[in-house]
Each structure stands twice: as C-alpha cells, then as structure tokens.
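An overview of the molecular structure
Okay, here's what each chain looks like letter by letter:
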Amino acid sequence: MNYGYTGYVATQGSDEVDITDFLRSLGFLEDEIFSVVYELNSYRTIPGTTLERYIHRVVSSIVDEERLSFLKGLLVGIAIRQVVDTIQDDDEPPLSDEEALLLEELRRLS
C-alpha cells in the first residue's frame, strides 16, 4: 500500500535525505512508516491538541513492557535531530565524538 510522499526530508550539506528512504534502509516497511506518519500528522487535526498532549496520550496507551522501547525511540529521534541541527547551522560548536560517530553512521546508512 502506498500512502504517498510523507514530506519528511532532511538537508545534509547540499544533499536532501528523504527520511522515509532512511527508515526503509533500517528495515522498516513502507506500511509501518506511513501508518505512523499518518497518526503523527493526524494529532494536529484535534482541536487543542499539542505535541506534548499527543505524546502523553501515546504513553498512556502503551503497556509497561513497551515504555522503554518508546523512550528509546524518542531519545534516538532527539539525537538524530541534534545532528541534523548541527549540520544545518554553521554557527554551532564542533560535533562531540559521540555526535561524529552518529553522523558517520547516518552517512553510511544513507
């Protein structure tokens, strides 16, 4: 099933990296990606719902055994975002060793 373009694109130097292609390279199926993207985008249609409220709703709906996996996913997303922000902003301080390793891994995967 093809849900269409997600609009999730990151810029790395002069190259645009489609996040969907990146996630597929990690082994996620297109249906999995787009079902999550659809749900993430749909929270905006609920009046008064903020991202924080949405995350609280998700956290309250998952079972205890899955909470650590969800938290790990959030932290990985934050780490990726920090690397992207560093790449896009030349005024940022140089990457730490850990950030440089993550960036190298991202480049290898894309």
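Residues numbered from 1 in each chain as written. Predicted model: local features only at pLDDT ≥ 70, side-chain atom pairs only at ≥ 80, totals over all residues. Heavy atoms only, no water.

Okay, the overall build of the protein next. Secondary structure assignment for the protein yields five helices and two strands. Its helices and strands in sequence order give the protein the pattern β-β-α-α-α-α-α, from N to C terminus. By the burial criterion, 16% of the 110 residues in the protein qualify as buried. (Helix = DSSP H or I, 4+ residues; strand = E, 2+ residues; numbered from the N terminus. Buried < 20%, exposed > 50% of the residue type's maximum accessible area, 1.4 Å probe, protein only.)

Scanning the entire structure with this criterion turns up two salt bridges. Among the salt bridges present, the one from D21 reaches R24, with a minimum N-O distance of 3.3 Å. Here R24 and D21 lie together in helix 1 (residues 19–25), a separation of three residues that amounts to about one turn. Taking the shortest distance from any N to any O, the salt bridge between E30 and R24 comes out at 3.8 Å. One salt-bridge network, held together by shared partners, links D21, R24 and E30. (Salt bridge = Lys/Arg side-chain N within 4 Å of Asp/Glu carboxyl O.)

All right, on to the environment of R44 then. Within the fold, R44 resides in the loop between helix 2 (30–42) and helix 3 (51–61). On the accessibility criterion, R44 (55% relative accessible area) is exposed. Residues R44 and Y54, ten residues apart in the sequence, show an inter-C-alpha distance of 9.0 Å.

Let's shift gears to a nonpolar patch on the surface. Taken together, the side chains of L68, L71, L74, L75 and I78 make up a nonpolar region of the molecular surface, amounting to roughly 470 Å² of accessible area. Along the chain, L75 falls in helix 4 (residues 67–88). (Patch = residues over 30% accessible without salt bridge, like charges linked within 9 Å, V, L, I, M, F, W, Y side chains within 5 Å. Areas by Shrake-Rupley, 256 points an atom, 1.4 Å probe, with all protein chains shown as cover.)

As a further point, take the confidence of the model for the protein. Summarising the model, the protein shows a mean pLDDT of 75, and 76% of its residues fall at 70 or more. Low pLDDT, under 50, characterises residues 1–6; the predicted model gives this stretch eleven contacts beyond four residues in sequence or across chains. (pLDDT = per-residue confidence, 0-100. Contact = heavy atoms within 4.5 Å.)

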